[in-house]
Amino acid sequence: MLTRRDLHKLAGLGAMASVLPMRRVRGQDRPTITIAVDNLWPTLATINGISTTTRRIFPNFYDKLVERDYVNDPNGLTLTPKLATAWERNGTVWTFQIREGVPFHNGAELTAEDVAFTLGADRLWGPKPFEPRGKTFTAGFKRVEATGKYTVEIETENEDPNVPGKLTGYIGLVVPKAYYLEKGVDGFGQAPIGTGPYKVSTFRSGEVLTLDAFDDYWEGPPPAQQLQWRIVPEFSARMAGLVSGEFDFIVNIPTDQEPTLQGYDGVVLQRRQIDNYPAFAFNTLPDPEDNPLVDPKLRYAMVQGVDMDTIVQALFGDATFHPPVPFNFPEYGRFYDPALTPRLPYDPERAKALVQETSYDGQPLRWHITRQFYPNYEAAAEIMVEQWREIGVNVQAVVLDSFELVYQRPYHLMNMSMSSDFIPGDPYQPLWLDWGPTATRSTASWKSWTPTERFVEIGRRFEQAVDFEERKQAFLDLSSEWQDVTPGFYLWKSVYNWAHSDAFEWRTAGQGEMRMYGDYLKIL
């Protein structure tokens with residue numbers, strides 16, 4: 001949130017608007033575009049680097065095998081060829097044709113060997129993969145093989161009609177085999193190479209990422225000569241830089257500051273609901289030893305003690321909503337049932353009674369929150385802490401400067417978010433990938449829960465189901481088991497926003513991706 005001092009400074013900038021015009025790029029064929037962001041992830045490796053901050057950047061220097069088309073389909077449910085030009089399935093084997101004549105940024109040609117390595121056991125899903133998080137996204141893969149210079153086969157343990165959809169996600173970002181092996185995963189993450197429209201020239205994770213135009217890009221040169229992603233943690237500084245012309249784009253605008261930005265000439269504000277949900281995880285494990293949240297009744301009480309519908313309305317208005325039933329998300333089409341009712345509705349009296357049924361003695365519960373990472377999260381936390389106090393639960397919101405600090409124990413609650421779109425139109429990611437036995441939520445040093453045997457058994461059934469009705473029933477059973485445990489709480493559907501100079505015509509894409517090329521960006 002802006003301080004009173006910040007507001008006075010920005011008011012001064014508004015008064016100077018006629019004296020200090022925004023920087024224009026009209027008439028320049030290839031401008032340098034500066035984007036002020038709140039954070040950069042420590043690595044740009046495609047899987048180890050999975051984060052909200054990399055998602056917005058990756059499409060500019062990596063290409064996916066299969067693309068989601070947000071130009072012709074705003075919902076992104078249409079799959080189109082990218083590095084894979086065609087695909088077909090025969091039982092458990094998918095065959096993909098790879099685009100010919102595509103160069104990596106180091107000049108080497110993309111071949112099926114690179115694709116097979118990108119998706120293969122050595123890198124993602126074998127006994128000791130380079131990027132172990134890949135196991136989560138390649139569950140069921142049995143064989144990945146280059147069967148020709150431009151042909152790849154993916155064999156799965158069971159019939160899997162969703163493989164092309166899976167390749168629209170992080171695992172579909174293709175890396176060059178030889179360069180990756182030369183650098184190692186850590187070295188590659190600091191100086192990555194892809195086939196995208198821009199190439200990495202400078203990366204200092206605590207400061208800046210610079211991408212230069214890759215004029216040999218197979219779809220043609222990109223519209224900008226250079227993209228500079230600069231860390232500017234404070235929103236007031238990002239806003240002032242946009243108004244003065246120092247920055248061309250800014251991200252993560254507090255909802256209550258959107259009208260202020262819209263009042264400036266030459267500024268365009270854009271907003272988009274995306275398939276992602278901020279949440280918090282309960283630490284359900286006996287670490288620390290006296291953790292009272294091992295008792296599910298206390299977790300139930302804390303869910304029923306929060307009036308999230310009112311909080312979301314106060315912070316976002318009608319821009320988004322709170323999902324009353326976990327994982328019952330509208331983007332899941334036939335899986336979505338708007339008639340479902342919440343198992344733990346807001347009920348402060350019931351919440352108080354549940355607290356009394358536990359052995360909780362009022363000890364402080366530490367809620368680790370990453371500073372200014374999710375819009376309005378800290379404001380919501382202030383309200384939630386007060387509502388928990390009213391039911392007899394003492395929560396201390398501990399705001400920290402990085403996820404590295406958030407992950408450090410001891411903690412009782414932790415901020416998080418979960419994407420809901422790994423397979424377009426299917427609940428596979430948030431319920432199974434993000435909470436299953438291979439997920440970081442259940443395997444990392446900072447893990448917050450251990451999946452129950454029943455959760456794993458149902459999840460295997462869900463994962464292997466091909467028939468829709470069988471898959472939907474497994475999904476409902478899996479959701480029910482998750483709710484029996486209640487290892488977390490989903491707050492609202494994410495609303496991403498950006499502001500930029502009107503010298504650009506820019507189209508937003510799903511998941512907060514900032515695609516700065518092709519039909520997504522035009523220089524006016």
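The shown structure was predicted, so the numbers you read here are calculated from the model rather than taken from an experiment.

A few words now on the pattern of salt bridges. Applying the stated criterion across every chain yields a total of 32 salt bridges. Between Arg 409 and Asp 287 there is a salt bridge, and its shortest N-O distance comes to 3.4 Å. Here the residue Arg 409 occupies a position in the loop between helix 14 (403-406) and strand 16 (413-419), and Asp 287 occupies one in the loop between strand 13 (276-282) and helix 10 (296-304), the gap between them amounting to 122 residues. When its relative accessible area of 38% is taken as the criterion, Asp 287 is described as partly exposed. Between Asp 401 and Arg 371 there is a salt bridge, and its shortest N-O distance comes to 2.6 Å. Here Asp 401, found in the loop between strand 15 (395-400) and helix 14, pairs with Arg 371, found in the loop between strand 14 (365-370) and helix 13 (377-390); they are 30 residues apart in sequence, far enough to count as distant. In this structure Arg 371 comes out as partly exposed when scored by relative accessible area, which is 39%.

Closest axis-to-axis distance for the helix 17 (residues 453-464)/helix 18 (residues 468-485) pair is 9 Å, and the angle between their directions is 160°. By the angle between their directions, the pair helix 17 and helix 18 is classed as roughly antiparallel. Here helix 17 and helix 18 pass one another in a crossing that is left-handed. Of the residues in helix 18, those touching helix 17 at Arg 454, Phe 455, Ile 458, Gly 459, Arg 461, Phe 462 and Glu 463 are Arg 471, Ala 474, Phe 475, Asp 477, Leu 478, Glu 481 and Trp 482.

An order of 8-9-10-1-11-18-12 is seen for the seven strands of this open sheet, with the pairing classed as mixed. With partners counted over all chains shown, the strands left at the sheet margins are strand 8 (198-204) and strand 12 (267-273), one partner each. Neighbour to neighbour, the strand axes of the sheet diverge by 20° on average, direction disregarded. Its contacts with the sheet place helix 8 (residues 235-244) against strand 1 (32-37), strand 11 (249-251), strand 12 and strand 18 (495-501), and it is angled at close to 160° to strand 11.

In this section: the environment of Ser 419. For Ser 419, the position within the fold is in strand 16. Taking the C-alpha atoms as reference points, Ser 419 and Gln 511, 92 residues apart in sequence, are found 7.7 Å from one another. Those residues in contact with Ser 419 that lie beyond four places of it in its chain are Arg 55, Asp 275, Asn 276, Gln 429, Pro 430, Asp 434 and Gln 511. A polar atom in the side chain of Ser 419 sits 3.1 Å from the side chain of Gln 511.

Another point: unusual backbone geometry. Residue Pro 288 follows Asp 287 across a cis peptide bond; omega there is 15°. Here Pro 288 shows up in the loop between strand 13 and helix 10. The omega torsion of the bond from Arg 409 to Pro 410 falls at 5°, within 30 degrees of zero and hence cis. By secondary structure assignment, the location of Pro 410 is in the loop between helix 14 and strand 16. Positive phi, close to 55°, is recorded for Asn 252, a residue that is not glycine. Looking at the element boundaries, Asn 252 is found in the loop between strand 11 and helix 9 (258-262). One non-glycine residue, Gln 511, lies in the positive phi region at around 65°. Within the fold, Gln 511 resides in the loop between strand 19 (504-506) and strand 20 (521-523). Looking at Gln 511, the relative accessible area reads 4%, which means it is buried.

Procedures and definitions
Residues numbered from 1 in each chain as written. Predicted model: local features only at pLDDT ≥ 70, side-chain atom pairs only at ≥ 80, totals over all residues. Heavy atoms only, no water. Salt bridge = Lys/Arg side-chain N within 4 Å of Asp/Glu carboxyl O. Helix = DSSP H or I, 4+ residues; strand = E, 2+ residues; numbered from the N terminus. Buried < 20%, exposed > 50% of the residue type's maximum accessible area, 1.4 Å probe, protein only. Axes fitted to C-alpha atoms, helices over the stretch in contact; angles between N-to-C directions. Parallel < 35°, antiparallel > 145°, perpendicular 65-115°, else oblique. Left-handed = near helix turned anticlockwise from the far one by under 90°. Contact = heavy atoms within 4.5 Å. Pairing = 2+ DSSP bridges. Polar contact = N/O pair within 3.5 Å; in protein donor to acceptor, adjacent residues only side chain to side chain.

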